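Fold and contact review
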Amino acid sequence: MKTQGAAILAALFLYLTLGVSALAAKCSDDTVELRGPWGTARFSIEISDTERERAIGLMYRESLPRGAGMLFVYEAPAELAFWMRNTLIELDLLFADETGRIIHIHNRAQPLDESLINSNGKALAVLEINGGLAALYGVSVGSEMRHVAFDQTSAAWPCDS
């Protein structure tokens, strides 16, 4: 009887483990994953992919949950510039190329600062998260971003891997 119970528990554990692994490989519109030699991180995100949404971004918000962010997505890679006008919280900006590789990180952008923050290369997407989290997690240039916004045939970290 003990052996049968142990076998059932082992099978359940294996099922749950494989199920969680399979789910982790799937992308969704509302989640961004990052990975690098430092490990992985996941953020629940809002998408900003229209001109109007990109113009507003995270302006006027007084807080952002630690595991949340906003992903700005563009139609094609371009030299991008952001500022913190009307933004009340400190942010890290992670610029990603068309493959999802991080090409530039601007750490701790200061609230209300109107200085331009450049992508330092052609970026397709920009992830804004709470200021200091990129350094805390160890995210660096070359880290990979996974999201459905990237062409999965050329993505550095495709959704189905």
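An account of the accompanying structure is given in this report.

What counts and what doesn't
- Residues numbered from 1 in each chain as written.
- Predicted model: local features only at pLDDT ≥ 70, side-chain atom pairs only at ≥ 80, totals over all residues.
- Heavy atoms only, no water.
- Pairing = 2+ DSSP bridges.
- Helix = DSSP H or I, 4+ residues; strand = E, 2+ residues; numbered from the N terminus.
- Axes fitted to C-alpha atoms, helices over the stretch in contact; angles between N-to-C directions.
- Core = buried A, V, L, I, M, F, W, Y, C linked by side-chain atoms within 4.5 Å.
- Buried < 20%, exposed > 50% of the residue type's maximum accessible area, 1.4 Å probe, protein only.
- Contact = heavy atoms within 4.5 Å.
- Disulfide = S-S within 2.5 Å.
- Salt bridge = Lys/Arg side-chain N within 4 Å of Asp/Glu carboxyl O.

We now examine the sheet that holds strand E1 (residues 31-36). Read across the sheet, seven strands follow the order E5-E4-E6-E3-E2-E1-E7 without closing on themselves; strand pairing throughout is mixed. Pairing within the sheet leaves two strands with one partner each, and these edge strands are strand E5 (102-109) and strand E7 (144-146). Each adjacent strand pair in this sheet contributes to an overall mean axis angle of 35°, direction not counted.

Here we come to the nonpolar core. One finds Leu34, Phe43, Leu71, Leu94, Leu127 and Met145 to be the most contacted residues of the largest nonpolar core, which totals 21 residues. Elements with a minimum of two residues in this core: E1, strand E2 (39-48), strand E3 (68-82), strand E4 (91-96), E5, strand E6 (117-130) and helix H3 (133-137). In terms of residue count, E6 provides more of this core than any other element does, four residues in total. The residues contacting Phe43, other than those within four sequence positions of it, are Asp30, Thr31, Val32, Leu34, Arg66, Gly67, Ala68, Leu127, Ile129, Leu133 and Tyr137.

What follows is about the pairing of E6. Taking burial as the measure, the 14 residues of E6 include 11 buried ones, the bulk of the element. As judged from the eight bridges shared by E3 and E6, these two strands associate in the antiparallel manner. Bridge assignment links Phe82 to a residue of E6, and that residue is Ile117. Pairing of E4 with E6, which is carried by six bridges, proceeds in the antiparallel orientation. Each bridged residue has a counterpart across the sheet, and for Leu91 the counterpart in E6 is Asn130.

For the rest of this paragraph, the subject is the pairing of E4. The element E4 is extensively covered by neighbouring structure, given that six of its six residues are classed as buried. Bridging between E4 and E5 involves five bridges; their strand directions are antiparallel. The residue bridging Phe95 from the neighbouring strand is His104, located in E5. Between E4 and E5, which follow one another and run antiparallel, lie five residues, and Gly100 among them has a positive phi close to 95°.

Our focus in this paragraph is the state of the cysteines. Defined simply, a disulfide is a covalent bond joining two cysteines at their sulfur atoms. One pass over the full model with this rule turns up one disulfide. Across the disulfide from Cys27 sits Cys159; the S-S distance is 1.8 Å. With the S-S dihedral at roughly -100°, the linkage between Cys27 and Cys159 falls on the left-handed side. Residue Cys27 is located in the loop between helix H1 (2-24) and E1, and its partner Cys159 is located in the segment after E7; the two are separated by 132 residues in the primary sequence. Looking at Cys27, the relative accessible area reads 22%, which means it is partly exposed. With relative accessibility at 12%, the residue Cys159 sits in the buried group.

Here the focus is the pattern of salt bridges. Between side chains of opposite charge, a pair can form as their charged atoms come close. Considering all chains together, one arrives at eight salt bridges under this definition. Between Arg61 and Glu46 there is a salt bridge, with the nearest N and O atoms lying 2.6 Å from each other. Of the two residues, Arg61 sits in the loop between helix H2 (51-56) and E3 while Glu46 sits in strand E2, which places them 15 residues apart along the sequence. Using a relative accessible area of 26% as the deciding quantity, one classes Arg61 as partly exposed. By relative accessible area, Glu46 is classed as partly exposed at 35%. Of the charged contacts in the structure, one is a salt bridge between Glu75 and Arg54, with a shortest N-O distance of 3.7 Å. Here Glu75, found in strand E3, pairs with Arg54, found in helix H2; they are 21 residues apart in sequence, far enough to count as distant. The exposure class of Glu75 is exposed, given its relative accessible area of 65%. It is possible to trace a salt-bridge network through shared partners that takes in Glu33, Arg42 and Arg146.

Structural measurements only, silent on function.
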